[in-house]
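Report on the structure
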2 protein chains.
Amino acid sequence: MSRATPHHDDCSVTKALDIIGDWWALLILRNAFHGMRTFDALQKQLGISTSVLSSRLKTMTEAGVLQKVVSKADGRSFEYRLTASGHDLYPVLVALMQWGEKWRPSAKGQRLMLIEKASGLPVQGVAVLAADGRPLKPWDVAPVPGPGADERVRELIGPH
Amino acid sequence: MSRATPHHDDCSVTKALDIIGDWWALLILRNAFHGMRTFDALQKQLGISTSVLSSRLKTMTEAGVLQKVVSKADGRSFEYRLTASGHDLYPVLVALMQWGEKWRPSAKGQRLMLIEKASGLPVQGVAVLAADGRPLKPWDVAPVPGPGADERVRELIGPH
DNA sequence: CAGTATCCTCGCAGATACTG
DNA sequence: CAGTATCTGCGAGGATACTG
């Protein structure tokens, strides 16, 4: 991660990566989407050191994707809950998972993490939407063609 | 990144992250989707050191998301093109960008990167699909509820 | 233009120990 | 259970120089 070296990169992707472009952050989120919410459970399942987990949770809380709340049941333990913005990261996770399932299939299939509220059924995955809202297939989309790509990027994102 | 420390984590997300859970890899892909394909252009725009860029391109090529081809026009320069599996990473990028635009809006709005082949129009974004294929809104989905989350994760992903 | 080769450093992550 | 504190290494990444 080059969060250390400041990038004057005014790009949405960069900004998203600033928070979740991190190995542990994504895995914490993955577990959070499965409902895992406590420090201890995360630490044990991920095999992460306590100091790093603590720092990650702090960063993610400050970034507003997680919220630390006192557990009602217990009173002295805590829960890290997904905020609205954290919840909105769900498509990123599902997109990653879909890609992994297609191109790096694991022995045991992996179920998706969210359900549709109305039906209670697991969601299917994620899809790119056309301008009119139709879901598109991968082969229906293509990179912007033609020359001038380098200039376009520099204009859009900025020269370094 | 803890790709160094081996994780016996048989999870699609983990496997996807192994290739693209990296600051530079994602930015390279972002630029690739905009049509930026040469070593030099990438190096200049990203402000990355040549050695790191070289290593990233090698890794990504070996991982099969990029393909190194001789540029027809020139004959002695090269292009790094998205493969089919690289192209399939598009939803991940768009999901990231969408999140960034919503929660970390930049001064100048950012356009999306791909067009629909049929219409030539830029795509709208990405959406989660219900079991029957309907695109869902964020508030229509929820994490799997109830207790037992910790056990579920351990069962699904494995204990460390 | 497209890299490879070296050197160097600084910060991230793990390990361990301790606290309320 | 939920962390903080400290120490230590090692390796990713930048800078620079050189090559076909």
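As shown above, the structure is provided for reference.
Residues numbered from 1 in each chain as written. Chains lettered and ligands numbered in written order. Predicted model: local features only at pLDDT ≥ 70, side-chain atom pairs only at ≥ 80, totals over all residues. Heavy atoms only, no water.

**Describing the protein's contact with DNA strand C**
Surrounding DNA strand C, one finds 17 residues, the nearest of these being A:Arg56, B:Thr50, B:Ser54, B:Lys68 and B:Tyr80. Within 4 Å of the protein, the contacting atoms of DNA strand C are drawn from sugar and phosphate to the extent of 79%. With respect to DNA strand C, the side chain of B:Lys58 contributes an N or O atom lying 3.1 Å from a phosphate oxygen. Between a phosphate oxygen of DNA strand C and a side-chain N or O atom of B:Lys68, the distance comes to 2.6 Å. (Near = heavy atom within 4 Å. Polar contact = N/O pair within 3.5 Å; in protein donor to acceptor, adjacent residues only side chain to side chain.)

**Observations regarding the protein's contact with DNA strand D**
Taken together, 18 residues lie around DNA strand D, and A:Thr50, A:Ser54, A:Lys68, A:Tyr80 and B:Arg56 are the ones closest in. Protein-proximal atoms of DNA strand D, defined as those within 4 Å of the protein, fall in sugar or phosphate at a share of 76%. A distance of 3.2 Å separates a phosphate oxygen of DNA strand D from a polar atom in the side chain of A:Asp40. In the model, a phosphate oxygen of DNA strand D is placed 3.3 Å from a nitrogen or oxygen of the A:Phe78 main chain.

**Describing helix H6 (residues 90-103) of chain B**
Residue and element names in this part refer to chain B. Here H6 contains 14 residues, and its C-alpha end-to-end distance of 20 Å stays within 8% of the 20 Å for a straight helix at 1.5 Å per residue. With ten of its 14 residues buried, H6 lies for the most part within the structure. Every buried residue of H6 is accounted for by Tyr 90, Pro 91, Val 92, Leu 93, Val 94, Ala 95, Leu 96, Met 97, Trp 99 and Gly 100. (Helix = DSSP H or I, 4+ residues; strand = E, 2+ residues; numbered from the N terminus. Expected span 1.5 Å × (residues − 1). Buried < 20%, exposed > 50% of the residue type's maximum accessible area, 1.4 Å probe, protein only.)

**Quick notes on the environment of B:Val92**
Of note, B:Val92 is situated in helix H6. Taking the relative accessible area as the measure of exposure, B:Val92 reaches 2% and is therefore buried. Every residue in contact with B:Val92, bar those within four places of it in the chain, is listed here: A:Ala95, A:Leu96 and B:Ile20. (Contact = heavy atoms within 4.5 Å.)

**Quick look at the packing of aromatic side chains**
All names here are of chain A. Within this structure, the stated rule accounts for two aromatic pairs over all chains. An angle of 55° between the planes, with centres 5.3 Å apart, marks the rings of Phe 33 and Tyr 90 as tilted. In this pair, Phe 33 is assigned in helix H2 (residues 23-33) and Tyr 90 in helix H6 (residues 90-103), connecting sequence segments 57 residues apart. In terms of burial, Phe 33 and Tyr 90 fall into one category: buried. Of note, Lys 68 hangs over the ring of Phe 78, and the distance from its end group to the ring centre comes to 4.5 Å. (Phe/Tyr/Trp six-rings, centres within 6.5 Å; stacked < 30°, edge-to-face > 60°. Lys NZ or Arg CZ within 6 Å of the ring centre and 35° of its normal.)

**A look at the relation of the copies chain B and chain A**
Overlaying chain B on chain A yields an RMSD of 0.0 Å, the required transformation being a rotation through 180° with an accompanying axial translation of 0.0 Å. Taken together, these values place the two copies in the relation of a two-fold axis. An overlap of 100% is found between the interface residues of chain B and their copies at the interface of chain A, pointing to a shared contact surface. (Least-squares fit on C-alpha atoms with pLDDT ≥ 70 in both.)

**Quick look at the interface of chain B and chain A**
With 100 residues of chain B at the interface, the matching set in chain A holds 100 residues. Summed over both sides, the interface between chain B and chain A buries roughly 8,900 Å², with carbon and sulfur atoms accounting for 65% of that surface. It is B:Trp23, B:Trp99 and B:Leu156 in chain B that bury the most area against chain A; as a group they hold 9% of the surface buried on that side. Ionic pairing is found between B:Arg134 and A:Glu116, a salt bridge with its closest N-O pair at 3.1 Å. The tally of links from chain B across to chain A stands at 31 residue pairs in polar contact (both at pLDDT 80 or more). (Buried area = accessible area lost by both parts, 1.4 Å probe. Salt bridge = Lys/Arg side-chain N within 4 Å of Asp/Glu carboxyl O.)

**Concerning the pairing of strand E4 (residues 125-129) of chain A**
Residue and element names in this part refer to chain A. In terms of residue burial, E4 counts as a mostly covered element, since five of its five residues are buried. The pairing of E4 with strand E5 (residues 135-136) spans two bridges and is classified as antiparallel. Across the sheet, Leu 129 pairs through a bridge with Pro 135, a residue of E5. Linking E4 back to E5 in an antiparallel pair, the connection comprises five residues, with Gly 133 at a positive phi of about 100°. (Pairing = 2+ DSSP bridges.)

**Some words on the side chain of B:Arg30**
Looking at the secondary structure, you find B:Arg30 in helix H2 (residues 23-33). Of note is the side chain of B:Arg30, whose polar atom sits 3.4 Å from the side chain of A:Thr14.

**Some thoughts on the sheet that holds strand E5 (residues 135-136) of chain B**
Strand order in this open sheet of four strands is E5(A)-E4(A)-E4(B)-E5(B), and the pairing throughout is antiparallel. Each of the sheet's edge strands pairs with one partner strand only, and the pair in question is E5 of chain A together with E5 of chain B. Set on the sheet, H6(B) makes contact with E4 of chain A together with strand E4 (125-129) of chain B; between it and E4(B) the angle comes to about 105°. (Axes fitted to C-alpha atoms, helices over the stretch in contact; angles between N-to-C directions.)

**Side note on the environment of B:Ala142**
Here B:Ala142 shows up in strand E6 (residues 141-143). With a relative accessible area of 16%, B:Ala142 lands in the buried category. When neighbours within four sequence positions are excluded, B:Ala142 is seen to be in contact with A:His87, A:Leu114, A:Ile115 and A:Lys117.

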